[in-house]
Amino acid sequence: MPIYFDNNATTPLDPRVLEGMLPYLSDPVYGNPSSVHRYGRAARHALDVAREQVAQLVGAEASQLTFTSGGTEADNLALKGFAARQPGQRILVNATEHAAVIEPAQALSRQGVQVDFIPVDDRGRVDLQALEKELARGKVGLVAVMAANNETGVLQDIPAISRCVRDAGAVLHCDAVQIAGKLPFDMQGSGAQLVTLSAHKIYGPRGIGALIVDKTLELDATQQGGGQERGLRGGTENLAGIVGFGLAADLARQELNARASHARTLRDRLEAGLRRVPGTVIFGDGAERLPNTVQFGTPGFESETLLMSLDRKGIAVSSGSACHSGKTEPSHVLLAMGVPRELALSAIRVSFGQSNTIAEVDRFLEVFEGIVRGISAAIPNRGSVL
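The paragraphs below set out a description of the structure included in this document. Bear in mind the structure is a predicted one, so any value in this text is a computation, not a measurement. (Residues numbered from 1 in each chain as written. Predicted model: local features only at pLDDT ≥ 70, side-chain atom pairs only at ≥ 80, totals over all residues. Heavy atoms only, no water.)

## Some words on the packing of aromatic side chains
Reasoning step 1: Overall, the coordinates contain seven aromatic pairs when judged by the stated rule.
Reasoning step 2: Taking the centre distance of 5.3 Å and the plane angle of 85 degrees together, the rings of Phe-296 and Phe-368 count as edge-to-face. With Phe-296 in strand 10 (residues 293-297) and Phe-368 in helix 12 (residues 358-378), the pair connects residues that are 72 residues apart, well separated along the chain.
Reasoning step 3: Counting every residue linked through ring pairs, the aromatic cluster contains Phe-5, Phe-296, Phe-352, Phe-364 and Phe-368. (Phe/Tyr/Trp six-rings, centres within 6.5 Å; stacked < 30°, edge-to-face > 60°. Helix = DSSP H or I, 4+ residues; strand = E, 2+ residues; numbered from the N terminus.)

## Here we look at the sheet that holds strand 7 (residues 194-198)
Whenever strands of a sheet pair, they do so through backbone hydrogen bonds, lying parallel or antiparallel.
Reasoning step 1: Taken in spatial order, the seven strands line up as 2-8-7-6-5-3-4 in an open sheet, and their pairing is mixed. Either end of the sheet is taken by a strand with one partner, and the two such strands are strand 2 (65-68) and strand 4 (115-118). Strand-to-strand, the axes of this sheet are offset by a mean angle of 20 degrees, without reference to chain direction.
Reasoning step 2: Here strand 2 pairs with strand 8 (residues 209-213) via four bridges, running antiparallel. By the bridge assignment, Thr-68 is partnered in strand 8 with Gly-209.
Reasoning step 3: Of the strands in this sheet, strand 2 and strand 7 touch helix 2 (residues 38-57), which is tilted by about 105 degrees from strand 2.
Reasoning step 4: Sheet strands in contact with helix 4 (residues 99-110) are strand 3 (90-94), strand 4, strand 5 (140-144) and strand 6 (171-175), and its direction is about 150 degrees off that of strand 3. (Pairing = 2+ DSSP bridges. Axes fitted to C-alpha atoms, helices over the stretch in contact; angles between N-to-C directions. Contact = heavy atoms within 4.5 Å.)

As structure tokens, then:
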């Protein structure tokens, strides 16, 4: 049977979520949420329920939440919407952010906004002293630090970072796409004032996400037309997707502890097996990480070769971010952590989901060790690492 170990890229749609979405894809609820007749009111009620469900997942208020087409749009809205409303303000960006944050920041830089990057330590954690120095170096408007890295799973100390940011009079944006539904995350407790979420990372549909905005903040819309979503995101809402997002968020909140415990069992089993492979390095080892994520490298091997070999055996994993798949350059996340280029080029990421099993982990280890042994034997002068 095929094995899917790429849940940080996307999760399968939960059948319970699909069942709940079906009435909003045809009959009986097909009205526009902005219409005032009974069909529109039914659609609006479903939208309001889903908004509450998503907000509850991260301890926010429904009135703070703006639905978007996904995490990428939400990140863009956070950075560009803030920069447009607060011109001339510096922006600081964690060096290991997802491209959905780094690329909008780079686009703003080309438009004249001063953007600086915050370094991380060798385990991928934001250097708090470096952050404090950057904050003291000049007026900063916005700081962007993700809660959990999509490649390594490394968690940032968001409350500590938030205190530094607030003391400097700046705003913290936190991409919580990977942590939501895997570990507890409370917006109020975190101190973040802008939080990004995405449905398809928590067994919801693709094409729907959200930006949660603190009530004290004002952003400029990056998409105008119609005044939907409190004027921040014009366009008729994707009602079926929003309903699915709400259901997925509600299930994630109810099942959070069980999901985390299951994932942690699989992760510990995998890491114990990987430590038997000489030379293999688990990136971010020793740091607090997501319970479902392991990224590792084996010196002397290329991730693309390993990925294709695993795929031929029916095992789906990735080298890092799905948004950058197919690129031969090493991960910017690993390079920022000081990982040597050759080792970074061997990176493999395994990310578990609720349906994965111990038997699948054992099968992966068996196959992976066999592939490494076979490549070592086939290439002259490489020698065996097993």
